[in-house]
Amino acid sequence: MHELEPVFNPRSIAVIGASRREGTIGQQVTKNLIDGKFPGPIYPINPGATEILGLKAYPSIGDVPEPVDAAVYCVPADKVLEVARQCAKAGVKGHIVITSGFAEVGNKREEDELVQIAKGSGGRVIGPNIVGTMSNPAKANASFAPVLPYVGQTALISQSGALIIALDTVTYARKFGVSSMISLGNMADVDFADCIEYYAQDMNTKCIALYIEGVKNGYKFMQAGRWAGKPIVALKAGVSAHGAAAAASHTGSLAGSVKVYQAACNQAHMIWATDLEDMLNKSQALAMQPVLKGDKVVIITNGGGIGVLGSDAAERHGIPLQAAPADVQAQFRKFMPDFGSPKNPVDITGGSGVAGYEGAIETALRCPWVDGIGVFYCETAVTKATDIANALITKLKETGITDKPVVACFVGGAGSVEAGKVLLEASIPYYDCPNKAMSALAALRQASRFQEVGCKVDFEPYTDVDKRKARSIIAAARAAGRKALTEPEAKELFACYGLPVTKSSLAKTEEEAVHFAQEIGFPVVLKIVSPDILHKSDAGGVRVNLKDAEAVCAGFRAIMENVRRYKADADLHGILVCEMAPLGSEVIIGSVNDATFGPTVMFGLGGVFVEVLKDVTFRVAPISIECALAMQQEIKGYPMLQGVRGEKRRDQEVLAGVLSRLSQLVSDLEDDIAETDANPILLYEEGKGCRVVDARVILKPR
Ligand code: ACO
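Residues numbered from 1 in each chain as written. Predicted model: local features only at pLDDT ≥ 70, side-chain atom pairs only at ≥ 80, totals over all residues. Heavy atoms only, no water.

*Asks:* So what's going on with the site of the ligand? Residues and values would help.
*Replies:* Around the ligand, 23 residues are found, and the nearest of them are Ser19, Arg20, Arg21, Asn46 and Ser100. In isolation the ligand has 1,000 Å² of accessible area, and contact with the protein removes 73% of it. Secondary structure elements with two or more residues in the shell around the ligand: α3 (77–90) and α5 (161–173). Looking at side-chain class alone, the shell around the ligand contains 13 nonpolar, 7 polar and 3 charged residues. (Near = heavy atom within 4 Å. Areas by Shrake-Rupley, 256 points an atom, 1.4 Å probe, with all protein chains shown as cover. Helix = DSSP H or I, 4+ residues; strand = E, 2+ residues; numbered from the N terminus. Nonpolar A, V, L, I, M, F, W, Y, C, P; charged D, E, K, R; others polar.)

*Asks:* Pulling in residues and values, what's your account of the sheet that holds strand β8 (residues 132–135)?
*Replies:* Pairing is mixed across the open sheet formed by 7 strands, whose spatial order is β9-β8-β11-β10-β12-β13-β14. Edge positions in the sheet fall to β9 (140–143) and β14 (270–273), since each has one partner strand and no second. The sheet shows a mean angle of 20° between the axes of neighbouring strands, taken without regard to direction. In this structure, β8 lies alongside β9, joined through 4 bridges in antiparallel fashion. Of the residues in β9, the one forming a bridge with Met134 is Asn141. (Pairing = 2+ DSSP bridges. Axes fitted to C-alpha atoms, helices over the stretch in contact; angles between N-to-C directions.)

*Asks:* Give a detailed account of unusual backbone geometry, specifying residues and quantitative values.
*Replies:* The omega angle of the peptide bond from Phe522 to Pro523 is -5°, so this bond is cis rather than trans. The residue Pro523 is located in the loop between α18 (510–520) and β21 (524–529) in this model. A cis amide bond, omega 0°, links Asn679 with the succeeding residue Pro680. Tracing the backbone through its elements, the reader meets Pro680 in strand β27 (residues 673–683).

*Asks:* I'd like to hear about the sheet that holds strand β20 (residues 504–507), residue by residue, with values.
*Replies:* Taken together, 4 strands build an open sheet; the order of strands is β20-β23-β21-β22 and the sheet is antiparallel. Every other strand in the sheet has two partners, leaving β20 and β22 (542–546) as the edge strands with one partner each. Taking the axes of each pair of neighbouring strands and ignoring which way they run, one obtains an average angle of 20° across the sheet. Both β20 and strand β23 (residues 574–579) contribute to a ladder of 4 bridges, which runs antiparallel. The residue of β23 that forms the bridge with Ser505 is Val577. Strands in contact with helix α17 (residues 487–496) are β20, β21 and β23; relative to β23, the strand with the most contacts, it is inclined by about 40°. The strands that α18 touches are β20, β21 and β23; relative to β20, the one it contacts most, it runs at about 170°. (Contact = heavy atoms within 4.5 Å.)

*Asks:* Describe in detail the pattern of salt bridges, supporting the description with residues and values.
*Replies:* The full count for this structure, using the stated rule, is 41 salt bridges. Here Glu425 and Lys175 are joined by a salt bridge, their closest N and O atoms 2.7 Å apart. Residue Glu425 is found in helix α14 (residues 414–425), and its partner Lys175 is found in the loop between α5 and β11 (178–183); the two are separated by 250 residues along the sequence. Classification of Glu425 as exposed rests on a relative accessible area of 54%. With a shortest N-O distance of 3.2 Å, Glu487 and Lys491 are connected by a salt bridge. In this pair, Glu487 and Lys491 both sit in helix α17, 4 residues apart, roughly one turn of the helix. Looking at Glu487, the relative accessible area reads 6%, which means it is buried. One network of salt bridges, in which partners are shared, links Glu3, Lys119, Arg124, Asp189, Asp191, Asp194 and Lys220. (Salt bridge = Lys/Arg side-chain N within 4 Å of Asp/Glu carboxyl O. Buried < 20%, exposed > 50% of the residue type's maximum accessible area, 1.4 Å probe, protein only.)

*Asks:* Talk me through the layout of surface pockets; I want residue IDs and the actual numbers.
*Replies:* Taken as a whole, the second largest pocket encloses approximately 770 Å³ of empty space. Forming the walls of the second largest pocket are 31 residues, and the residues nearest its centre are Lys527, Ser537, Asn679, Pro680 and Asp694. Elements supplying a minimum of two residues to the lining of the second largest pocket: β21, β22, β23, α20 (608–611), β27 and β29 (695–699). The element that contributes the greatest number of residues to the lining of the second largest pocket is β27, accounting for 4 residues. (1 Å grid on protein atoms, 1.4 Å probe; cavity = no way out; pocket = protein on both sides within 12 Å on 5 of 7 lines; lining within 4 Å. Points joined across faces, edges and corners; volume = space filled by probe spheres on them.)

*Asks:* Lay out the state of the cysteines in plain terms, naming residues and giving numbers.
*Replies:* By definition, a disulfide links two cysteine residues through a covalent bond between their sulfur atoms. According to the stated counting rule, one finds 0 disulfides in the structure shown. Sulfur of Cys409: no disulfide; nearest cysteine sulfur belongs to Cys433 and is 6.4 Å away. When its relative accessible area of 0% is taken as the criterion, Cys409 is described as buried. (Disulfide = S-S within 2.5 Å.)

*Asks:* Residue-level account of the packing of aromatic side chains, with values.
*Replies:* Enumeration over the complete set of coordinates arrives at 11 aromatic pairs. When the centroid spacing of 4.8 Å and the interplanar angle of 85° are considered together, the rings of Tyr198 and Tyr199 count as edge-to-face. Accessibility classification places Tyr198 together with Tyr199 in one group, the buried group. Of the aromatic side chains, those joined through ring pairs into one cluster are Phe192, Phe221, Tyr261 and Phe597. The lysine or arginine in question, Lys56, covers the ring of Tyr58, its NZ or CZ lying 4.8 Å from the ring centre. Across from the ring centre of Tyr261, 4.6 Å away, lies the NZ or CZ of Lys236, which sits over that ring. (Phe/Tyr/Trp six-rings, centres within 6.5 Å; stacked < 30°, edge-to-face > 60°. Lys NZ or Arg CZ within 6 Å of the ring centre and 35° of its normal.)

*Asks:* Provide a residue-level description of the side chain of Glu579, including the pertinent values.
*Replies:* Relative to the assigned elements, Glu579 resides in strand β23. On the basis of relative accessibility, which here comes to 14%, the residue Glu579 falls in the buried class. Reaching out from Glu579, the side chain makes a polar contact with the side chain of Arg691 at a distance of 2.7 Å. Apart from residues no more than four positions distant in its own chain, Glu579 is found in contact with Thr502, Lys503, Ile520, Val525 and Arg691. (Polar contact = N/O pair within 3.5 Å; in protein donor to acceptor, adjacent residues only side chain to side chain.)

*Asks:* I'd like to hear about empty space enclosed by the protein, residue by residue, with values.
*Replies:* The final tally for this structure, using the stated rule, is 1 cavity of 30 Å³ or more. Of the pockets and cavities examined, the largest cavity occupies roughly 40 Å³. Considering the residues around the largest cavity, the lining is formed by Asp191, Phe192, Ala193, Val215, Lys216, Asn217, Lys220 and Phe221. Elements supplying a minimum of two residues to the lining of the largest cavity: α6 (192–200) and α7 (218–228). For the lining of the largest cavity, a count of residues per class yields 4 nonpolar, 1 polar and 3 charged.

*Asks:* Describe the pairing of strand β12 (residues 207–212), naming the residues involved and giving the relevant values.
*Replies:* For β12, the tally of buried residues reaches 6 of 6 residues, placing the bulk of the element in the interior. Of the two faces of β12, the one carrying Cys207, Ala209 and Tyr211 and the one carrying Ile208, Leu210 and Ile212 are both buried. As a crossover connection, the stretch from β12 through α7 into strand β13 (residues 232–236) is right-handed. (Right-handed = clockwise from strand over helix to strand, strands pointing away.)

*Asks:* Break down the nonpolar core for me, with residues and values.
*Replies:* Membership of the largest hydrophobic core comes to 60 residues, with the highest contact counts inside it found for Phe8, Ile157, Leu210 and Phe221. At 6 residues, the largest contribution of residues to this core is made by α6. Apart from the residues lying within four places of it in its own chain, the contact partners of Ile157 are Ile182, Leu184, Phe192, Cys195, Tyr199, Ile208, Ala209, Leu210 and Tyr211. (Core = buried A, V, L, I, M, F, W, Y, C linked by side-chain atoms within 4.5 Å.)

Next comes the structure, spelled out in structure tokens:
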């Protein structure tokens with residue numbers, strides 16, 4: 001038996017604080033259990049009552065003669081710990097704590113104690129500060145939400161209790177089928193990862209939908225998602241760019257939690273929802289339909305307009321329509337007038353009735369070229385929407401095809417809404433606009449891709465790295481009381497992990513600078529090195545393209561004068577003499593140490609692309625070369641890497657290796673590194689690699 005079975009699927013339930021007063025939470029929970037027809041025993045617990053709502057009441061849980069699986073806490077916060085001790089003693093394993101007044105108001109100590117008491121006796125706590133839990137298979141409405149939700153196969157897990165209450169009756173209005181609805185509240189113990197793990201093995205659940213405000217343990221969350229093997233839809237609330245203002249590096253300022261959450265959810269094989277509506281739409285399709293195993297989607301429509309909108313939406317959601325091959329078109333052609341279109345969308349035209357739809361639907365269902373189908377309908381006076389809905393249902397039954405997803409988009413008034421109900425009752429997801437339908441179909445495609453990848457972890461750590469030296473570089477900087485590495489230190493650190501940094505040496509004098517320049521080879525770049533000067537160019541601390549010893553001497557003197565004028569008391573370590581790398585495409589890679597997910601790497605094109613357009617992408621580290629290649633393909637500026645205006649393709653493979661190595665560096669040293677930037681990296685054409693020209697490493701405060 002799964003450890004959380006007593007919480008999510010209890011056989012017997014006690015309501016602690018089952019009140020004698022109508023309109024109280026304690027009485028409502030008891031009433032909900034009775035009204036929901038909970039099949040097991042319900043034990044109201046109230047020291048002042050002998051009977052509640054016709055059920056025998058007990059003064060305390062210790063007085064109940066049989067073992068009890070779960071207890072729903074409806075007593076005030078100051079009574080919770082005492083009740084927890086009694087429950088633990090009585091062998092209760094599921095502690096469903098509705099009571100507010102814990103960590104959410106700063107009372108973390110008692111919340112921790114509650115968990116300790118429950119866990120000490122092998123129990124688990126859900127909450128506190130929740131609406132409760134609702135399970136349709138168990139017929140257990142252990143909550144003060146109005147009613148058990150509409151029956152179906154989505155487990156809806158919400159950090160917000162209010163959302164659970166709000167959505168409860170919405171499930172009926174939308175025929176949104178739910179297996180369980182769980183309010184997580186403060187997540188003192190049971191969290192998203194636990195719920196994912198439980199519902200992944202629950203036979204009554206096909207899809208898991210999450211409403212997330214914050215994740216406590218990013219690693220556990222991501223692991224649970226990858227291992228679930230079931231579609232998960234994630235809706236993250238509070239997506240403002242928190243923390244960005246405080247970030248010291250370029251990468252840090254671009255991080256913002258939403259991009260990191262989005263990346264983490266994607267890596268954890270979760271389908272991102274943009275809002276509540278999107279979460280419901282996608283979950284509905286994932287719970288009702290098989291996944292979309294290929295990219296060939298056909299839209300069958302009686303209206304050109306909604307067909308074109310569907311086509312636009314398909315492209316927007318990453319499943320662009322493809323023109324059907326000639327033989328497939330010929331088959332569709334049989335079910336439309338001459339002025340119809342058998343391409344894709346398959347426009348059987350406005351005058352088409354049931355027969356036209358039946359023919360086109362059956363053709364698409366039976367055609368091996370077609371992977372998934374959108375049945376679109378705009379309400380006309382010549383056909384009845386419910387007739388079209390029934391035609392679709394009949395054809396699905398007749399053909400017996402169950403491995404090809406079908407979504408319906410009916411645009412119209414009451415007739416279409418009625419048809420929608422018919423469709424949903426037959427487990428065909430129905431939408432009232434083309435965009436929603438195609439977004440749902442795209443979610444089915446994404447779920448299939450995640451299935452293909454499975455839970456395999458594709459990152460193989462590099463062994464040709466010098467972790468010991470990397471640690472010593474950081475230790476030396478810390479010993480000097482610095483919060484960031486200097487550029488030469490940062491470059492040295494990067495080099496420990498095989499990043500191709502430009503050759504450089506730190507000169508204290510003009511003579512040394514000339515000597516190093518001769519060693520490195522002209523032309524060279526000179527850069528000031530000072531922990532007090534972050535923006536070297538602004539301080540006049542950079543000179544490029546110095547072609548001989550004379551230019552190096554002059555450059556050295558000019559930089560020293562400039563920086564002294566810029567900041568007289570700056571601590572100057574010297575001037576870095578650097579190899580001048582040939583011009584190439586400027587890209588940036590970097591990392592942040594995200595509060596939830598830990599080390600996270602970033603990639604983007606440099607210059608205006610990163611500064612103005614913020615065309616960047618993130619992944620939680622470490623990442624494989626394949627993943628780093630996918631990051632490059634994700635940005636809008638990707639065509640630049642493919643080569644534009646006759647330029648050759650850039651060396652994406654080498655860059656991917658560099659990004660993957662950086663991801664290992666920041667993972668290995670996650671206790672020390674807060675942020676990094678390799679900016680710019682000059683990226684050359686295929687086969688010619690790249691050079692890291694500048695490096696920045698900010699240390700974690702100790
Ligand atoms: N064991 C059993 N019953 C007890 C005990 C005990 N040790 N001590 C007291 N009781 C009884 C009381 O006598 C009372 O019964 P009665 O009405 O018959 O006398 C009953 O338990 C309830 O106790 P009250 O003191 O009346 O508590 P009240 O009902 O006012 O509040 C509650 C309890 C609802 C748990 C409250 O403290 C609370 O936390 N409310 C917020 C809940 C919430 O909003 N959760 C988050 C939801 S998420 C969202 O945003 C919607």
